[in-house]
Amino acid sequence: MKAPRVTLDQWRTLQAVVDHGGFAQAAEALHRSQSSVSYTVARMQDQLGVPLLRIDGRKAVLTEAGGVLLRRSRQLVKQASQLEDLAHHMEQGWEAEVRLVVDAAYPSARIVRALTAFMPQSRGCRVRLREEVLSGVEEVLLEGVADLAITGLSIPGYLGAELSDVEFVAVAHPDHPLHRLNRELSFQDLETQMQVVIRDSGRQQPRDVGWLGAEQRWTVGSLATAATFVSSGLGFAWLPRHMIERELKEGSLKLLPLDQGGSRNPSFYLYSNKDKPLGPATQILIELLRTFDTLPLDAPYAAPEQA
């Protein structure tokens, strides 16, 4: 890649001339001599081969090309400043990135709210979000490629902060044979029907959480796919209520009238990587995740302003 001929200092100088209304004013704002500012801009024009300013009376005015380049240069200078700020924050122990792995059943609305609130406080720290299912979350944390993990499973050797429950409900299409029985259902009724289950994304010890031992089982890769299958009349499943509220209201899914176990409410937990010290950005994100976990999913909210 060819090295740039124009420096960031030169772009800053051009911006100062335009923003402050002239070479003399720019020189005063930059604490430099007027001749130095004039030479810098003239040198830029020679290096670029494009006129940036023209003299209109006693005032320097941007050319059309100068206006285009000036607008692009503002973003360039801003990004360079942000990069320097990030280096400064990293020197103070601020993380460049926080890696968060979340079970796909956890409400994404809560994650979105927490990350929205985190942005103005992040100081350039990125969040790398990864979704897994069941033991896949645990494996990612234990492999050391996640700083924070949200899962509905207990991870041995880790102390997790308890989050809210996620309600799973047994559902099928209204025209499914189970609904046509027109009575309270038992587990024996379910065993004769096809169950749709979500594949555990873990590789070491995948689990068949929720499978009843039904004669027929279809395994899919995501909760969204499971919801699509079941709402189309293919089998029954336990699905997070927050993910299927629309289908329940529209009538493409209907709660199964089970005599017991029709609703399950596993608790979810927030874990941190115990082999890595918690940096300031990670600690802020932890508090935001816990804060927004307690709010109703339909509650209005606004991201807090940066202190």
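On a predicted model such as this, the values are computed, not experimentally measured, just so you know. (Residues numbered from 1 in each chain as written. Predicted model: local features only at pLDDT ≥ 70, side-chain atom pairs only at ≥ 80, totals over all residues. Heavy atoms only, no water.)

Enquirer: Looking at this structure, I do not really get the overall build of the protein chain. What am I missing?
Expert: The secondary structure content of the protein chain amounts to 11 helices and 13 strands. Within the span of the protein chain, comprising 307 residues, buried residues form 42% of the whole. At a minimum sequence separation of 6, the contacts of the protein chain that also span at least 24 residues come to 72%. When the accessible area of the protein chain is evaluated, it comes to approximately 17300 Å², of which 51% is carbon and sulfur surface. (Helix = DSSP H or I, 4+ residues; strand = E, 2+ residues; numbered from the N terminus. Buried < 20%, exposed > 50% of the residue type's maximum accessible area, 1.4 Å probe, protein only. Contact = heavy atoms within 4.5 Å. Areas by Shrake-Rupley, 256 points an atom, 1.4 Å probe, with all protein chains shown as cover.)

Enquirer: Mind showing me how you'd approach helix α5 (residues 108-118) here?
Expert: Two residues of an α-helix separated by three or four positions point the same way, owing to the 3.6 residues in each turn. Taken residue by residue, α5 has R110, I111, R113, A114, L115, A117 and F118 as its buried positions. On its buried face, α5 sits against β3 (97-103), β4 (126-132), β5 (148-151), β6 (161-165) and α11 (280-293).

Enquirer: So what exactly am I meant to see when it comes to the nonpolar core here?
Expert: Within soluble globular proteins, side chains that are nonpolar generally end up buried alongside one another. If you look at the biggest cluster of nonpolar residues, it comprises 52 residues, and the most contacted ones within it are I150, L239, L256 and L289. Per element, the largest residue contribution to this core is 6 residues, and it comes from α11. Listed in part, the 16 residues of the second largest apolar core include W11, V41, L52 and V77. (Core = buried A, V, L, I, M, F, W, Y, C linked by side-chain atoms within 4.5 Å.)

Enquirer: Looking at this structure, how should I read helix α9 (residues 223-231)?
Expert: Buried within α9 are the following residues: L223, A226, A227, V230 and S231. Down the axis of α9, the buried set is contained in an arc of 120°. They therefore lie on one face. Looking at the packing, one finds that the buried side of α9 touches β7 (168-172), β8 (194-198), β9 (216-220) and β10 (236-240). Looking one or two places after α9, you find G233, whose phi comes out positive at around 100°. (Arc of directions from axis to C-beta.)

Enquirer: Would you take a moment to explain the sheet that holds β5 for this structure?
Expert: Within a sheet, adjacent strands bond to each other through the backbone by hydrogen bonds, running parallel or antiparallel. The strand order across the open sheet built from 5 strands is β4-β3-β5-β13-β6, with neighbouring strands paired in mixed fashion. Both edges of this open sheet fall to β4 and β6, since each of them pairs with a single strand only. The average angle at which neighbouring strand axes cross in this sheet is 20°, direction not considered. Pairing of β5 with strand β13 (residues 267-272), which is carried by 4 bridges, proceeds in the antiparallel orientation. Residue pairing for β13: L148 is matched across the bridge by S272. Relative to the sheet, α5 contacts β3, β4, β5 and β6, its axis offset from that of β4 by approximately 170°. (Pairing = 2+ DSSP bridges. Axes fitted to C-alpha atoms, helices over the stretch in contact; angles between N-to-C directions.)

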